[in-house]
Amino acid sequence: MTLQLSRKDWTGGNALGATLAYIMLAFVSLETASLHNSAAAVWTASGFAIAFVAQFGPRAALSVLAGSMVVNGFQFFSEAHQGDILPNLASAAMIASGNMLEALLGGCAMQRILKNEPLKSPRSALLFLGLVAATPAAISAGVGAVTIWTFDTTDALISDIFVTWYFANATGAVIMVPTVLWLLKTNGVRSFTVRPAEYVATLFVLVVLLETLVGAGLVDALTGWPSAYMIWPALILICFRYREPELILALILTMAMAVMGTMRGFAAFPAETQWQSLTYLQVFLAITSGVCFLLKSSLNEAASFRWELQRTARLRLLRVDQLLAERHVIDTLMVHDLHSPLSGVRGALDTALATPPKTPAEIQALERILALAVSTCDEVLERLSTHLSGENWHSPKALTVDDTIERILRLQRLAIEKKNINILKQGLAFGSNEPTNGPSVFLALEVVIENAIAASPVGGRITINAEMDETGLHYQITDEGPGIPKSVADQLFSGPIGTSKTSHGIGLFLAKEALQRDGGHLVILPVPEGTAISLKVSKSVE
């Protein structure tokens, strides 16, 4: 075993470094021990020990045992505990064993159950708080309290020792375990905040609040209400705006300033003795950290869900592109009709990558858009797969007017959602079970409705009117867009012609050609505003 330090493998250097780091953290924490020399009100060493066992396995527990033996041996052999050597050694060994058991239980739970990802989801956060922080701390506190009660003379109640010890260890684990694991990651320090200026400003607000509560001596003026919770808005903002490392740093800063302020006499939770104030503070820090972790894990789970939606949409889009590559077997008009919804899917994916959501409303909107992107791809895949298999899925005998319009609108949901367009369906044919007259009608309707959506302004309305009489089926689609100039409309059906900067008019040209082959007609109607297009289909056409 070498003395080289490593973030992945357990080496002699890691063992020595872990032992020394544990001893240093323990002696710093013991500065808060006033109830008993071995019962610190703040104990960050517990989180350090659990994190090392989680990262390197049970072998790291031996460093915890060695470091704890040194610290507790020093405490029991100090001037305040002069006495027989054997009881002092036994006391140090028992407390060290309790600390090692705590590290083993918490570290193994962290490694094997949580896979060192405590904030992946609300379930993992709850397991972390219960299995890694709360339960192991009870073992260490229980062993420590019994040891002091058995081998040492103290005026403190064993229940006070247990409570102080328990919350010190549990809070230390809650805050320190994610911190140490993040530092042990290879790219941990290099992958810090992506918004440094904003984060520093947020931390400054947090520091001002903490200084007001535990540094400037203003607590007396705030007595009678839970003033410590004034820091929650800043921490909640950090949960929403930043990643786990930034949240961890904010919690460490909160813990350090609160403990130092309490030690200097400016307690956020005033009590008769310092150890009581520190114990109350540890309870508050444990609750605060737990709430922050549950909130952050919920946000992480939502982000994971959005990423999975995005991944699914990309896979569906890839499959669609593969099928479109075989377009020699697909009608030209169908390829044209599928272009717009697929462009909407690509736009939704590009938006998801370019502008990450920052607020709950933006998160919900993005999830809805990605879900629509997935369903749009599924609809396109169904149509392409069926068409390539030789089946006529939009057979005249299969789709009513309602079904036809609904299927067309399903493909355009992304565009409709983006522009917040209101679709108004009217006409007696919508209540009829009469089928549409062939694939050409479906595809022509799709072209007209797609053009209406593209031309409509944000918040506009599209009216789809469907009537049926003895001669056939009559559709009229009206939008509130800029309209088609008469000079363009007169030439539109003689061949493809540009109707806008992004359109060449090929869709309407093909739609009319297809309808005429089935005995139908497509006409642009004169209206004062917007565009109105009429489609007529003869009943005699099968």
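Residues numbered from 1 in each chain as written. Predicted model: local features only at pLDDT ≥ 70, side-chain atom pairs only at ≥ 80, totals over all residues. Heavy atoms only, no water.

Description of the packing of helix H2 (residues 45-56) against helix H6 (residues 158-184)
Moving on, step 1. Following both chains from N to C, one finds H2 and H6 inclined at 45 degrees, their axes separated by 6 Å at the closest point. If you check the angle between H2 and H6, you find them oblique. Of the two elements, H2 crosses H6, and the hand of that crossing is right-handed. Residue-level contacts link Ser46, Gly47, Phe48, Ile50, Ala51, Phe52, Ala54, Gln55 and Phe56 of H2 to Asn169, Gly172, Ala173, Met176, Val177, Val180, Leu181 and Leu184 of H6. (Axes fitted to C-alpha atoms, helices over the stretch in contact; angles between N-to-C directions. Helix = DSSP H or I, 4+ residues; strand = E, 2+ residues; numbered from the N terminus. Parallel < 35°, antiparallel > 145°, perpendicular 65-115°, else oblique. Left-handed = near helix turned anticlockwise from the far one by under 90°. Contact = heavy atoms within 4.5 Å.)

Observations regarding the pattern of salt bridges
Moving on, step 1. Going through the model one piece at a time under the given rule, you end up with two salt bridges.
Moving on, step 2. Between arginine 243 and glutamate 246 there is a salt bridge whose closest N-O contact spans 3.7 Å.
Moving on, step 3. Residue class for glutamate 246 comes out buried when judged on its relative accessible area of 1%.
Moving on, step 4. Measuring nitrogen to oxygen at the nearest pair gives 3.9 Å for the salt bridge that ties glutamate 406 to lysine 425. Here glutamate 406 is found in helix H13 (residues 401-411), whereas its partner lysine 425 is found in strand S1 (residues 422-426), with 19 residues between them in sequence.
Moving on, step 5. A residue is classified by how much of its surface remains accessible, and glutamate 406, at 36% relative accessible area, is partly exposed.
Moving on, step 6. A residue is classified by how much of its surface remains accessible, and lysine 425, at 38% relative accessible area, is partly exposed. (Salt bridge = Lys/Arg side-chain N within 4 Å of Asp/Glu carboxyl O. Buried < 20%, exposed > 50% of the residue type's maximum accessible area, 1.4 Å probe, protein only.)

Observations regarding the pairing of strand S5 (residues 531-538)
Moving on, step 1. For S5, the tally of buried residues reaches six of eight residues, placing the bulk of the element in the interior.
Moving on, step 2. Taken together, the eight bridges between strand S3 (residues 472-479) and S5 define a ladder with antiparallel strand orientation. Opposite isoleucine 477, over in S5, you have isoleucine 533 as the bridge partner.
Moving on, step 3. When strand S4 (residues 521-525) meets S5, the two strands line up antiparallel, connected through five bridges. Residue leucine 525 lies in a different strand from S5, and its bridge partner there is alanine 532. (Pairing = 2+ DSSP bridges.)

Brief notes about H2
Moving on, step 1. End to end, H2 covers 16 Å across 12 residues, agreeing with the expected 16 Å (1.5 Å per residue, within 8%).
Moving on, step 2. Most of H2 sits out of view: 11 of its 12 residues are buried.
Moving on, step 3. Once H2 ends, the next one or two residues include glycine 57, with phi positive near 95 degrees. (Expected span 1.5 Å × (residues − 1).)

Topic: empty space enclosed by the protein
A probe as big as a water molecule, rolled over the atoms, marks out the empty space that is left.
Moving on, step 1. Taken as a whole, this structure holds two cavities of 30 Å³ or more when the rule is applied.
Moving on, step 2. Considering only enclosed or pocket space, the largest cavity measures out at about 90 Å³ in volume.
Moving on, step 3. Taken together, Leu30, Ser38, Ala39, Ala40, Trp43, Val71, Asn72, Ile95, Asn99, Trp165 and Asn169 make up the lining of the largest cavity.
Moving on, step 4. Counting only elements with at least two residues in the lining of the largest cavity, the list comes to helix H3 (61-76), helix H4 (85-113) and H6.
Moving on, step 5. Across the lining of the largest cavity, the residue classes break down as seven nonpolar, four polar and no charged. (1 Å grid on protein atoms, 1.4 Å probe; cavity = no way out; pocket = protein on both sides within 12 Å on 5 of 7 lines; lining within 4 Å. Points joined across faces, edges and corners; volume = space filled by probe spheres on them. Nonpolar A, V, L, I, M, F, W, Y, C, P; charged D, E, K, R; others polar.)

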